[in-house]
Amino acid sequence: MREGCMARVMSKRVEGQFIPISLTVNGTLREIEVEPHELLLDVVRDRLGLTGVKRSCDVQVCGACTLLLDGRPVSSCTLLAFEARGREVLTIEGLAQNGKLHPLQETFIEHGGLQCGFCTPGMILTAKTLLDENPDPTKEEIIQFMQGNICRCTGYKKIIESIVAAGKKMKSSPAA
Amino acid sequence: MLKRFRLEEPESVKDASDLLARYGESAKVYAGGTELLLAMKEGLIHYERLVNIKKIQNLDQVKQNDGVIHMGALSTHRKLACSPLLEQRLPAFVQMEQNVANIRVREVGTIGGNLSFAEPHADPGTLLLVLGAKLIAEKTSTRREIPMEKFFVDAYETCLEADEILTGIEVPLAPARSGVAYLKFGYLERPSVGVALFLALDGAGKSVTDARIAVGCAGPTPKRVEEAEGLLKRKSLDEAAQGIGRAGEVAGHASQAISDLHGSQDYKEHIVQVLLKRAFLQACGQSRSGGKGEGRLHG
């Protein structure tokens, strides 16, 4: 990294640039303007008011800021908001349908898959991606898939149990 | 927090290169952003402009032409990890990609960005070194091929010119009776040590006709270790098996390991030796079972 030139660059003020984007957030079309440097996490939390997604490590390691973009997990702490243009964002707030919790939400409660709950939105969204592509994962497949989601309260046993149970529930009633 | 910057979104390599030439060191190529944005958020670097190259068409293809696999620089780690072509032709590469960082980084991060950012604790560069890969770099009117050995200059530094864009990676198919293994060890998110080995055996599967060894993560850049390769090449398989410990020692020293939070220098050098032995067993297993780049990597 060339430090000399960075200092020179930093002394300049960059003019604001506004990018109009439309995106679907939890099934609702939203049209907003974002600046290039705005992070998806900040836009979703501060501008759209969906605070289930958390800032924690801020370096894509812990998974607390996980959102689903077109069904795939991303670290919203390190994703520029404009990247969500034309795409579907799903947050934990969008998971329950017509007041009924998603099977993963139910089983995390039933199996005690959470303590403080800070990592839980990210855990559940990542697990949703897994179960959508593989409804009957082995314990090893769950561990590999969920490796990037960290819980600091306790171990992962109950989280894994919750995911296994949700897979079974989703298979027995696929409409859920 | 990120400082404000402007975004450019060219739709061709030529336009992207023109922008980089015009704005010089105040602009930087942006693809997945998984490395660049981290450094910018920390305030370690700042650019007035980011040039998003993801609107350029056809830079994310994975295909085979004759005996060469071509990976577009904008291929995400996930795309490479899920590629049926790579699964068939370069299984060791797929295995490596399946274990890059975590699922979210693999979703967004690109192979081209990974190589161009030259973060020392990265996996692909080390493996590409033993696969005999070439990198394709383009700018407004020129295109050149860079042998993998020449690409990394130092930590966070490559031989790419400021207005040059890495557009693809080309990997020749492995010959019959060959094996490839990449193994890494780390206890943090990023690996402490990565070791790659390519091994080719003769028709009878009795002696080593070619060997390439590379070590990464431990020092500033991934490195080929030809001195260690010499201990395996043109040896019978038994002789090579006896020499692999010494080759690991040589590779450990050559890795330019530094003591940091990923481990002490001694420790990393030791791990190089351990991983190289394991890689040798894996690569031997593949080459004996027929090779042709189709042997599966176990472990």
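Parameters and conventions
- Residues numbered from 1 in each chain as written.
- Chains lettered and ligands numbered in written order.
- Predicted model: local features only at pLDDT ≥ 70, side-chain atom pairs only at ≥ 80, totals over all residues.
- Helix = DSSP H or I, 4+ residues; strand = E, 2+ residues; numbered from the N terminus.
- Pairing = 2+ DSSP bridges.
- Axes fitted to C-alpha atoms, helices over the stretch in contact; angles between N-to-C directions.
- Parallel < 35°, antiparallel > 145°, perpendicular 65-115°, else oblique.
- Left-handed = near helix turned anticlockwise from the far one by under 90°.
- Contact = placed C-beta atoms within 7 Å.
- Nonpolar A, V, L, I, M, F, W, Y, C, P; charged D, E, K, R; others polar.
- Buried ≥ 20, exposed ≤ 12 C-beta atoms within 10 Å, placed from the backbone.
- Expected span 1.5 Å × (residues − 1).
- Bend = angle between axes of the 7 residues up to and from the residue.

**Q** An account of the overall build of chain A is requested, with residue identities and associated values reported.
**A** Counting secondary structure elements, chain A contains six helices and five strands. When the helices and strands of chain A are placed in sequence order, the string is α-β-β-α-β-β-β-α-α-α-α. Along the three orthogonal principal directions, the C-alpha set of chain A runs to about 60 × 35 × 25 Å.

**Q** Describe the sheet that holds strand 1 (residues 6-8) of chain B, with residues and values.
**A** Neighbouring strands of a sheet are bound in pairs by backbone hydrogen bonds; such pairs are parallel or else antiparallel. All names here are of chain B. If you walk across this open sheet you meet the three strands as 1-3-2, and the pairing is parallel. At either end of the open sheet lies a strand with only one pairing partner, and these are strand 1 and strand 2 (27-30). Pairwise comparison of adjacent strand axes, ignoring direction, gives a mean angle of 30 degrees for this sheet.

**Q** Go over the packing of helix 3 (residues 103-110) of chain A against helix 4 (residues 120-133) of chain A, please, and point to the residues and values.
**A** All names here are of chain A. Close contact between helix 3 and helix 4 brings their axes to 10 Å; oriented N to C, the two are set at 130 degrees. As summarised for this structure, helix 3 and helix 4 are arranged oblique, according to the angle between their axes. Every pair of crossing elements has a handedness; the one defined by helix 3 and helix 4 is right-handed. Between helix 3 and helix 4, the contacting residues are Leu104, Gln105 and Phe108 on the first element and Thr120, Ile124, Ala127 and Lys128 on the second. Of the residues in the contact of helix 3 with helix 4, the class split is four nonpolar, two polar and one charged.

**Q** Please give an account of the environment of Met40(B) that cites residues and values.
**A** Residue and element names in this part refer to chain B. Take methionine 40: it is sitting in helix 2 (residues 36-41). By the C-beta count within 10 Å, which is 22 here, methionine 40 ends up buried. Note: C-alpha distance between methionine 40 and glutamate 226 (186 residues apart in sequence) is 37 Å. When residues no more than four places from it in sequence are discounted, the contact partners of methionine 40 are Leu2, Ile45 and His46.

**Q** So what's going on with unusual backbone geometry? Residues and values would help.
**A** The backbone of Asp70(A) sits at a positive phi, close to 50 degrees, despite the residue not being glycine. Locating Asp70(A) in the fold gives a position in the loop between strand 3 (66-69) and strand 4 (72-75). Its identity is not glycine, yet Arg177(B) carries a phi of approximately 55 degrees, on the positive side. Along the chain, Arg177(B) falls in the loop between strand 10 (165-172) and strand 11 (178-185). Arg177(B) gets classed as buried once you count the C-beta atoms within 10 Å, which come to 21.

**Q** A description of the environment of Gln17(A) should follow, citing residues and the corresponding values.
**A** Relative to the assigned elements, Gln17(A) resides in the loop between helix 1 (3-10) and strand 1 (19-25). C-alpha of Gln17(A) to C-alpha of Glu35(A): the two residues are 18 residues apart in sequence and 5.6 Å apart in space. Setting aside residues no more than four positions away along its own chain, Gln17(A) makes contact with Glu35(A), Pro36(A), Arg6(B) and Leu7(B).

**Q** Go over helix 11 (residues 237-254) of chain B with me, naming the residues and quoting the values.
**A** Residue and element names in this part refer to chain B. In this model, helix 11 (18 residues) spans 24 Å end to end at C-alpha, consistent with the 26 Å of a helix rising 1.5 Å per residue. Within helix 11, the axis deviates most sharply at glycine 243, by approximately 45 degrees. Turning to helix 11, its buried residues number three or more, namely Leu237, Ala240, Ile244, Ala247, Gly248, Val250, Ala251, Gly252 and Ala254. Close packing links the buried residues of helix 11 with strand 13 (208-216), strand 14 (223-224), helix 10 (226-230) and helix 12 (265-288). Taken from the residues just after helix 11, glutamine 256 is the one with a positive phi, measuring 55 degrees.

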